[in-house]
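As a plain string of letters, each chain reads:
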Amino acid sequence: MSPNQSRIAATFAKLNAEGRKALIPFVTAGYPFAAITPSLMHGMVEAGADIIELGVPFSDPMADGPTIQKAGDRAIANGVGLKQVLGYVREFRQKNHTTPVVLMGYANPIERYDQLHGEDAFVRDAAEAGVDGILVVDYPPEESESFAAKLRAHGMDQIFLLAPTSTDERIQQVARIASGYVYYVSLKGVTGSNALDIEDVAAMMPRIKQYVNLPVGVGFGIRDAQTAHAVAEIADAAIIGSRIIQLLEDQPHEKIVPLAIDFLRGVRKAMDA
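Residues numbered from 1 in each chain as written. Predicted model: local features only at pLDDT ≥ 70, side-chain atom pairs only at ≥ 80, totals over all residues. Heavy atoms only, no water.

**What about the overall build of the chain?**
Consideration 1: When helices and strands are tallied, the chain shows 12 helices and 9 strands.
Consideration 2: With the C-alpha coordinates of the chain rotated into their principal frame, the extents come out at 45 × 40 × 35 Å.
Consideration 3: Counting across all 273 residues of the chain, residues that qualify as buried make up 55%.
Consideration 4: Across the chain, the fraction of contacts at a sequence separation of at least 24, relative to all contacts at a separation of at least 6, is 71%.
Consideration 5: Surface summary for the chain: the accessible area is close to 11800 Å², and the carbon and sulfur share equals 49%.
Consideration 6: Here the chain holds 25 positive side-chain charges and 33 negative ones, and the gap between their average locations is 4 Å. (Helix = DSSP H or I, 4+ residues; strand = E, 2+ residues; numbered from the N terminus. Buried < 20%, exposed > 50% of the residue type's maximum accessible area, 1.4 Å probe, protein only. Contact = heavy atoms within 4.5 Å. Areas by Shrake-Rupley, 256 points an atom, 1.4 Å probe, with all protein chains shown as cover. Lys, Arg positive; Asp, Glu negative; His and termini not counted. Charge placed at Lys NZ, Arg CZ, Asp CG, Glu CD.)

Written as structure tokens, this is what we have:
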């Protein structure tokens, strides 16, 4: 990895050289148990995850469907906030120095963190913990120039969402300041909605790639290995969240990591097939 290349860029470059696509699982930090997150992250890597997206629990997550909302509520009840999430990343980094970690969440916890700990404390502490990318659902590109620049100065990428409704102008705005990868939300609606339509996604890819010179990951609606395989044929990454959360719901502590590994191994195998 060159000194100014982010871990995310290095990961995609390596996958590209191998002719493979990225598997990006998402899990809400602190779900289903407060301290299980670092072990779950290691398990996901063992199962073939290339990048991990960690959801920062928030009380009012507008882009998330009932599954991830419920997981966030449970994590908050477990006493997990942004400070704990950074702690999990720090713990994960004690053993893993290569797998990129992206925090996905909302503006409110970040701005609250800076109020409590001082201006730009979040960017500094996230970089120090070993975070590689930040996806803030409610930071649109036109409001993000200075935040993106601060992240880049600390070796982190700002990831943006694009949707089926994104105009060419919006795609160009994102292309101008995004780094790492771009997250294409494959359907209108919230996380965990209907099954995605592969033909719709395939039709959208050239429109995005016309302007965006970064890898494009597809998420919202990938529920099984077969869909992940289909997505891997047309995009650079498959992002899976709600399905993993559902799988872990109501499971005893000792089953959490093995279940996640088993599910993701099947997905990885299908994507590599």
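**A few points about helix α3 (residues 66-77)**
Consideration 1: Counted at 1.5 Å a residue, the expected span for α3 with its 12 residues is 16 Å, and the 16 Å between its end C-alpha atoms agrees.
Consideration 2: Among the residues of α3, Thr67, Ile68, Ala71, Gly72 and Ala75 are the ones counted as buried. In a view along the axis of α3, the buried residues occupy a sector of 135 degrees, so they form one face of it. Opposite the packed face of α3, turned more than 90 degrees from it, sit the exposed residues Pro66, Lys70 and Ala77.
Consideration 3: Those residues of α3 that are buried lie in contact with β1 (22-28) and α11 (242-248).
Consideration 4: Of the residues one or two after α3, glycine 79 is the one with positive phi, at around 85 degrees. (Expected span 1.5 Å × (residues − 1). Arc of directions from axis to C-beta.)

**A look at the nonpolar core**
The tendency in soluble globular proteins is for nonpolar side chains to be buried as a group.
Consideration 1: Within the largest apolar cluster, 93 residues are counted, with the highest numbers of intra-cluster contacts made by Leu103 and Phe122.
Consideration 2: With 8 residues, helix α12 (residues 253-272) is the largest single contributor of residues to this core.
Consideration 3: Not counting the four nearest positions on each side in its chain, phenylalanine 122 is found in contact with Leu82, Leu103, Ile110, Tyr113, Asp114, Ile134 and Phe147. (Core = buried A, V, L, I, M, F, W, Y, C linked by side-chain atoms within 4.5 Å.)

**Some points on the packing of aromatic side chains**
Consideration 1: All chains considered together, the criterion is met by 5 aromatic pairs.
Consideration 2: Measuring from centroid to centroid gives 5.9 Å for phenylalanine 12 and tyrosine 181, while their planes differ by 55 degrees, and the two rings are tilted. One end of the pair, phenylalanine 12, is in helix α1 (residues 7-18); the other, tyrosine 181, is in the loop between α8 (168-177) and β7 (182-185), and 169 residues separate them in sequence.
Consideration 3: Above the ring of phenylalanine 33, the side-chain terminus of arginine 74 is found at 5.7 Å from the ring centroid. (Phe/Tyr/Trp six-rings, centres within 6.5 Å; stacked < 30°, edge-to-face > 60°. Lys NZ or Arg CZ within 6 Å of the ring centre and 35° of its normal.)

**Re the UniProt feature "active site" (unreviewed entry) in the chain**
Consideration 1: Under the feature "active site" (unreviewed entry), the UniProt entry names Glu53 and Asp64.
Consideration 2: With respect to the helices and strands, glutamate 53 occurs in strand β2 (residues 52-55).
Consideration 3: Residue class for glutamate 53 comes out buried when judged on its relative accessible area of 0%.
Consideration 4: Apart from the residues lying within four places of it in its own chain, the contact partners of glutamate 53 are Ile24, Pro25, Phe26, Val27, Val102, Met104, Tyr181, Tyr183 and Ile239.
Consideration 5: According to the relative accessible area criterion, aspartate 64 is buried, its value standing at 11%. (UniProt positions renumbered as here; feature names shortened; annotations may be inferred.)

**What to know about the packing of helix α4 (residues 82-93) against helix α6 (residues 121-129)**
Consideration 1: Following both chains from N to C, one finds α4 and α6 inclined at 25 degrees, their axes separated by 8 Å at the closest point. Here α4 is positioned roughly parallel relative to α6, judged by the angle of their axes. Note on element contacts: α6 touches α4 through Phe122, Asp125, Ala126, Glu128 and Ala129, opposite Leu82, Leu86, Val89, Arg90 and Arg93.
Consideration 2: Residue composition of the contact of α4 with α6, by class: 6 nonpolar, no polar and 4 charged. (Axes fitted to C-alpha atoms, helices over the stretch in contact; angles between N-to-C directions. Parallel < 35°, antiparallel > 145°, perpendicular 65-115°, else oblique. Nonpolar A, V, L, I, M, F, W, Y, C, P; charged D, E, K, R; others polar.)

**Overview of the pairing of β2**
Consideration 1: The alternating pattern of β2 places Ile52 and Leu54 on one face and Glu53 and Gly55 on the opposite face, and all of these are buried.
Consideration 2: Two elements, β1 and β2, share 3 bridges in a ladder whose sense is parallel. Residue pairing across strands places valine 27 opposite leucine 54, the latter belonging to β2.
Consideration 3: Considered for its hand, the β-α-β crossover made up of β1, helix α2 (residues 37-46) and β2 is right-handed.
Consideration 4: Relative to strand β3 (residues 101-105), β2 runs parallel, the two being bridged by 4 bridges. Within β3, the residue paired with glycine 55 across the bridge is methionine 104. (Pairing = 2+ DSSP bridges. Right-handed = clockwise from strand over helix to strand, strands pointing away.)

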